[in-house]
Structures are given as C-alpha cells and as structure tokens.
Amino acid sequence: MRNPASGMPAHAPMAHTFTAPRFTPGPWRRCGHRQIASMAGAGLPICEVWSGGVGIEQADANECLIAAAPALHAALRAALVTVAGLNADGAFDDAEHAIRAALDLAEGGAHE
C-alpha cells in the first residue's frame, strides 16, 4: 500500500532497536521452596514466590511463569523482528503493538 501523495509506503514499520535488559540474565531455574535463581554466575536466588492469598497451586504456576521470563523475553524480541519486518502494510499492527507493550513492561517501561 502506497501513500498516493508521496509514493512512499503508507505505513512505515517502527524501528526495533534493542538495549541490553536490566534484569538478571537468564536462564533462570526453579530451585525449591518457590525460589527462582539465575543459572549465571553464582546461581543465587533472585526471586521468591509466596503462596499467601493465592494458594499453593497458583503460587506454583506463578513460579513456573517467572522462571520462564528470560526465555519469554527473548522469544518476544525475536517475534518483534519478524512481525515488524512483515508489517510494512500495517496488517500486523495489533500484534506489533502488543509485542512492543509487553517488552516495554518487561524492560521496566510504563506500567498499565
């Protein structure tokens, strides 16, 4: 799709520049008692999930999700490169914006 006035694409893809994340590098692992540790360096715990208020099953599920966070972050970065590259006509705007919003939250940006 081209802008008739300029002959340029009507939708220019948004730049996707990456900076190094500020969080502890992955991979992370579950190390017992609902603690999550980095597998890099000394492997010290970086997070502990409490079950108070949410119950054991939900706390265990939260622990799994948190332990997967570095891998999920890397997958979103890879997906953004692909989606942004295919989005010249704006067909994937919703997906691109959702990926960018999730990365922004994960990287300490605006919280909604």
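In the block above lies the structure referred to throughout.
Residues numbered from 1 in each chain as written. Predicted model: local features only at pLDDT ≥ 70, side-chain atom pairs only at ≥ 80, totals over all residues. Heavy atoms only, no water.

Asks: How do you make sense of helix H3 (residues 93-106) when you look at a structure like this?
Replies: For the α-helix, the turn length of 3.6 residues means that residues three or four positions removed from each other point alike. Between its terminal C-alpha atoms H3 stretches 20 Å, which fits the 20 Å expected from 14 residues at 1.5 Å a residue. Regarding H3, the residues found buried are Glu96, Ile99, Arg100 and Leu103. With its buried residues spanning 95° around the axis, H3 presents them on a single face. Contacts made by the buried residues of H3 are with helix H2 (69-86). Looking one or two residues past H3, Gly108 carries a phi angle of roughly 90°, positive in sign. (Helix = DSSP H or I, 4+ residues; strand = E, 2+ residues; numbered from the N terminus. Expected span 1.5 Å × (residues − 1). Buried < 20%, exposed > 50% of the residue type's maximum accessible area, 1.4 Å probe, protein only. Arc of directions from axis to C-beta. Contact = heavy atoms within 4.5 Å.)

Asks: What exactly am I supposed to notice about the pattern of salt bridges here?
Replies: Between side chains of opposite charge, a pair can form as their charged atoms come close. Scanning the entire structure with this criterion turns up 4 salt bridges. Across the salt bridge formed by Glu63 and Arg30, the nearest N and O atoms sit 3.1 Å from each other. Of this pair, Glu63 sits in helix H1 (residues 56-67) while Arg30 sits in strand S1 (residues 28-30), and the two are 33 residues apart along the sequence. The partner of Arg100 in a salt bridge is Glu96, and the shortest N-O contact between them spans 3.0 Å. Here Glu96 and Arg100 lie together in helix H3, a separation of 4 residues that amounts to about one turn. Residues Arg100 and Glu96 agree in their burial class; the two are buried. (Salt bridge = Lys/Arg side-chain N within 4 Å of Asp/Glu carboxyl O.)

Asks: Got a minute to help me understand the pairing of strand S2 (residues 35-38) in this structure?
Replies: Regular strands place their side chains on alternate faces of the sheet. Direction of pairing for S1 relative to S2: antiparallel, over a ladder of 3 bridges. Counted as the bridge partner of Trp28 is Ser38 from S2. Connecting the antiparallel pair S1 and S2 is a turn made up of 4 residues, with Gly32 showing a positive phi of about 95°. Pairing analysis gives 3 bridges linking S2 to strand S3 (residues 45-48), with the strands arranged antiparallel. By the bridge assignment for S3, Ala37 is matched with Pro45. What sits between the antiparallel neighbours S2 and S3 is a turn of 6 residues, in which Gly41 has the positive phi angle 60°. (Pairing = 2+ DSSP bridges.)

Asks: Mind showing me how you'd approach the packing of H2 against H3 here?
Replies: For any two helices packed against each other, one specifies the crossing angle of their axes together with the interaxial distance. It is the contact of H2 with H3, at a shortest axis distance of 10 Å, that shows an interaxial angle of 150°. The pairing of H2 with H3 is recorded here as roughly antiparallel in orientation. In this structure, H2 crosses over H3, and the sense of that crossing is left-handed. Residues His73, Leu76, Arg77, Ala79, Leu80, Val83 and Ala84 of H2 touch H3, and the partners they reach there are Ala95, Glu96, Ile99, Arg100, Ala102, Leu103 and Ala106. Of the residues belonging to the contact of H2 with H3, the class tally is 10 nonpolar, 1 polar and 3 charged. (Axes fitted to C-alpha atoms, helices over the stretch in contact; angles between N-to-C directions. Parallel < 35°, antiparallel > 145°, perpendicular 65-115°, else oblique. Left-handed = near helix turned anticlockwise from the far one by under 90°. Nonpolar A, V, L, I, M, F, W, Y, C, P; charged D, E, K, R; others polar.)

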